[in-house]
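Inside the fold
Below, each chain spelled out in residue letters.
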Amino acid sequence: MRFKFTIFLLGLNVIAFALIAYLTQASNPFERSGGSLAAQIGREIIEVDRIELRGSGIEQPRVITRVGSNWKIIEPMQWKANYFAINRILNQLQFIEQEATFSIDEILGTGQSLADYGLEDPVIELIISEGDNSIQLSIGTMTDIGNNVYLLGPDRKRIFVVSREVIDSLLINLHDLRNREIFDIPVFEVTDFSVQIKSATDATEGDLRVRLSNTTGQWRFEAPLSAEADPALVSNTINNLASLKVNRFIQPEDADPELLGLESPFMRITLHGNKRRQTLLIGNRDRSNTSRDTAQYFARLEGNPIAFSVDARPFENLMRAQESLRKRNFMNFEAADLSAIHISEAGREIRLQEIETGDWQVLESIGNGQIKQRRADPEVMQLLINDLQQLRAKNFVIDAPNTVDLERLGFNAPRRVITLQFDSAEPITLELAHPEDENEKLYAKASTKESVYEIERRPTLQLFPLNLLHYRNRNLETLPGAAVIKSVTLENILSDERIVHYQPENQEAGWPNLIEQLDSEQADAVSTLLTKLRTFVVQSYLADEFNEAYQLDPDRSLPWTYRLSAEVLLPGGETEQTRTLEYVFTERLSGTKQIGGNKVRNAMFELTLDLIEALYVLTEDRALPPEALDEPVPEPTDPEPVPEP
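Residues numbered from 1 in each chain as written. Predicted model: local features only at pLDDT ≥ 70, side-chain atom pairs only at ≥ 80, totals over all residues. Heavy atoms only, no water.

So, the overall build of the protein
Scanning the protein from N- to C-terminus turns up 17 helices and 38 strands. Taken across its 645 residues, the protein has 42% of its residues classed as buried. Partitioning the intrachain contacts of the protein with sequence separation of at least 6 by distance along the chain shows that 56% fall at a separation of at least 24. (Helix = DSSP H or I, 4+ residues; strand = E, 2+ residues; numbered from the N terminus. Buried < 20%, exposed > 50% of the residue type's maximum accessible area, 1.4 Å probe, protein only. Contact = heavy atoms within 4.5 Å.)

Here we look at the layout of surface pockets
Each pocket or cavity is described by its volume, and for the largest pocket that value is around 670 Å³. Of all elements in the fold, only strand S3 (70-75), strand S4 (79-80), helix H3 (83-94) and strand S16 (277-285) reach the threshold of two or more residues within the lining of the largest pocket. Of the residues that constitute the lining of the largest pocket, the class distribution is eight nonpolar, eight polar and seven charged. Taken together, 19 residues make up the lining of the second largest pocket; nearest its centre are Gln 60, Met 77, Leu 174, Arg 178 and Gln 251. Here the residues of the lining of the second largest pocket are counted per class, giving 11 nonpolar, five polar and three charged. (1 Å grid on protein atoms, 1.4 Å probe; cavity = no way out; pocket = protein on both sides within 12 Å on 5 of 7 lines; lining within 4 Å. Points joined across faces, edges and corners; volume = space filled by probe spheres on them. Nonpolar A, V, L, I, M, F, W, Y, C, P; charged D, E, K, R; others polar.)

Let's talk about the pattern of salt bridges
Under the counting rule described, the total for this entry stands at 29 salt bridges. Among the ionic pairs, Glu 52 bridges to Arg 54, the shortest N-O distance being 2.7 Å. Looking at Glu 52, the relative accessible area reads 10%, which means it is buried. Residue classification places Arg 54 among the partly exposed positions, given a relative accessible area of 30%. (Salt bridge = Lys/Arg side-chain N within 4 Å of Asp/Glu carboxyl O.)

Details of helix H16 (residues 520-534)
Side chains of residues three or four places apart in an α-helix project in the same direction, reflecting 3.6 residues per turn. Taking 1.5 Å as the rise per residue, H16 with 15 residues should run 21 Å; its terminal C-alpha atoms sit 21 Å apart, in good agreement. Within H16, the full set of buried residues consists of Ala 523, Ala 525, Val 526, Leu 529, Leu 530, Lys 532 and Leu 533. Capping the start of H16 is the job of one residue whose side-chain oxygen sits 3.1 Å from the backbone nitrogen of Glu 521: Asp 519. (Expected span 1.5 Å × (residues − 1). Polar contact = N/O pair within 3.5 Å; in protein donor to acceptor, adjacent residues only side chain to side chain.)

Things to note about the nonpolar core
In this structure, Phe 330, Ile 341, Leu 352, Leu 420 and Leu 430 are the most contacted members of the largest nonpolar core, which totals 73 residues. Apart from residues no more than four positions distant in its own chain, Leu 352 is found in contact with Ser 339, Ala 340, Ile 341, His 342, Ile 343, Trp 360, Gln 361, Val 362, Met 381, Leu 384 and Tyr 471. Listed in part, the 71 residues of the second largest apolar core include Leu 53, Ile 73, Ile 185 and Ile 238. (Core = buried A, V, L, I, M, F, W, Y, C linked by side-chain atoms within 4.5 Å.)

Examining the sheet that holds strand S32 (residues 540-543)
Strand order in the open sheet formed by seven strands is S30-S29-S35-S36-S37-S38-S32, with antiparallel pairing between adjacent strands. Strands at the two margins of the open sheet, each flanked by one partner only, are strand S30 (497-502) and S32. Strand-to-strand twist in this sheet, taken as the mean axis angle between neighbours without regard to direction, amounts to 25 degrees. Strands in contact with H16 are strand S29 (484-492), S30, strand S35 (562-570) and strand S36 (577-585); relative to S29, the strand with the most contacts, it is inclined by about 115 degrees. (Pairing = 2+ DSSP bridges. Axes fitted to C-alpha atoms, helices over the stretch in contact; angles between N-to-C directions.)

Topic: the environment of Glu 189
Relative to the elements of secondary structure, Glu 189 occurs in the loop between helix H6 (174-177) and strand S10 (192-197). Along the primary structure Glu 189 and Asn 274 are separated by 85 residues, whereas in three dimensions their C-alpha atoms are 6.3 Å apart. When neighbours within four sequence positions are excluded, Glu 189 is seen to be in contact with His 272, Gly 273, Asn 274 and Arg 276. Of the polar contacts made by the side chain of Glu 189, one reaches the side chain of Arg 276; its length is 3.0 Å.

Re the packing of H16 against helix H17 (residues 609-619)
Across the interface, H16 lies against H17 with an axial gap of 9 Å and an inter-helix angle of 135 degrees. With respect to H17, the element H16 is oriented oblique. Where H16 crosses over H17, the two elements pack in a sense that is left-handed. Residues Glu 521, Gln 522, Ala 525, Thr 528, Leu 529 and Lys 532 of H16 form the contact with H17, whose own contacting residues are Asp 610, Leu 611, Ala 614, Leu 615, Val 617 and Leu 618. (Parallel < 35°, antiparallel > 145°, perpendicular 65-115°, else oblique. Left-handed = near helix turned anticlockwise from the far one by under 90°.)

A word on the sheet that holds strand S7 (residues 133-142)
The antiparallel open sheet is built from nine strands, whose spatial order is S4-S3-S2-S1-S6-S7-S8-S9-S5. A strand with exactly one partner marks an edge of an open sheet, and here the two such strands are S4 and strand S5 (98-103). Pairing between strand S1 (residues 50-54) and strand S6 (residues 124-130): five bridges, direction antiparallel. Considered in S6, the bridge of Arg 50 is made with Ser 129. Contacts from H3 reach S1, strand S2 (62-67), S3, S6 and S7, with the element oriented near 95 degrees to S3.

What about the packing of aromatic side chains?
Going through the model one piece at a time under the given rule, you end up with 15 aromatic pairs. An angle of 70 degrees between the planes, with centres 6.0 Å apart, marks the rings of Phe 396 and Tyr 453 as edge-to-face. With a gap of 57 residues between them, Phe 396 in strand S23 (residues 395-398) and Tyr 453 in strand S27 (residues 452-455) connect regions that are remote in the sequence. An aromatic cluster of at least three residues, connected via ring pairs, comprises Trp 79, Phe 249 and Phe 308. When the ring centre of Phe 249 is taken as reference, the NZ or CZ atom of Arg 178 above it lies at 3.8 Å. Its guanidinium or amino end placed over the ring of Tyr 616, Arg 588 lies 4.9 Å from that ring's centre, counting from NZ or CZ. (Phe/Tyr/Trp six-rings, centres within 6.5 Å; stacked < 30°, edge-to-face > 60°. Lys NZ or Arg CZ within 6 Å of the ring centre and 35° of its normal.)

Given below as structure tokens:
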């Protein structure tokens, strides 16, 4: 009984396997026969992984295979295929439409043969494969009527009349069938980048090797030195290489490796990706094509004999990759952690210190243990910190200097020593120096770096002046918000003349009503004076003391010509307090320069441009032209003749 049951189960298994095989065979698109041509080819053609093109209409057989989502030409050469060109071929086949169809038996019955339709020796023999399964299409000659061609279907029993567009897509030029992109590794996958440049003496040990790596999220040089690379420049370089395209492919008969310079290339560029790498070899200049605007080099990929030409510009930028890709910002620190900045030279020192409120103060040693202390200007301090962070190397001078090198470059007597102190980090010392007889260059060395850099001389020294007044807060006086300016007076001190006096009659209506009664120029000038009196900001300080005249040079002094005074009502307590503000000014020295002083604040300074313009409107006695007074314009007189010499 058990034996019979076993036989019964075996029979069921045989039937099941036969049914599976039948269904699999029925579902295989490559085994379809009968019906329309599109039905025989099937929509599953998009799954094909191999295309072969042969025939009398093609000079050399072409074999194209799919690797993942990309297509590759393996005959007549090995190169990446143009994805869009392959897609066009497959789309034409997938949606092919037939104009007419007839069987081979029908043409044989009329005494004709395949040769009459160009199918004995087809113009194109197309084989499309998916794994071990394949279909074959043969394309013959054109029809006598219409722009069509004869096509022998995959069942090899029927001939179809189809549009010539099919044959045009298959006869695409080999140049257009090839992908012009060179590197396959996507930009985001590149973790290492190296350049090898052949030495001029052909000595291999003299070749320059530059290697950069990004293993920690930051690009760094690993050869020929250990240093930070500029991430933006490296990314831009890799992007340029990844987007590099072939200008023209070199025909095999013209591809002499020695003439192309690819037997011993002068440059090798390697991109390292995820467990793969590609190396591009750069040879001689391509001087055959003079029509292009840019120079070109011959090149090929390592392991691939196909030679081609590429634009020279990306590679010329790599000639000095160890410098051109190197990070030029060498002062890296966290501004929020900064607590003090000391600037010194030859015994003079200015100390800038952050206080608990987050503001800065400037301290200057003036001898005998005395220290001058002033509020530092927040904008000046922010600029100073930004300038320190943005210091850039103009050139890289020495990467591992010794004591002799440093002394030769002037670091035994530096022009500036700038020390940065932090709340939670080690101090950083920056030294700026140059040899005694050097009038153009300036060198920099930071305690956090081993290298010596050349930086811009004049602008850099101007960024870090040893002058307390440069760092002093430009806000000389600020009135409380509730303070009331009762009157403003501008006088000429030298002539003892009151130029203007403004005092609102009604304190409730105040200054707006008074200003409305003035002409536009005077109204703007008075508005500027009121704004400046509330917050008096100077352009720059000239002296940390007040004198009865401003000493322009040892032989000449400028007297104070104008006095600006204001009576101010200050709130506070049971009784209101009145205070007089007073500033004195010289004559206007130029379009943007006028000197001022304040005795109470013990300071002399340059005025801001808006105050200079406002004072000019109120003090300048300008005669109006006849046109402004509606008077007739006098006739111009002839100039007197110039006597002969």
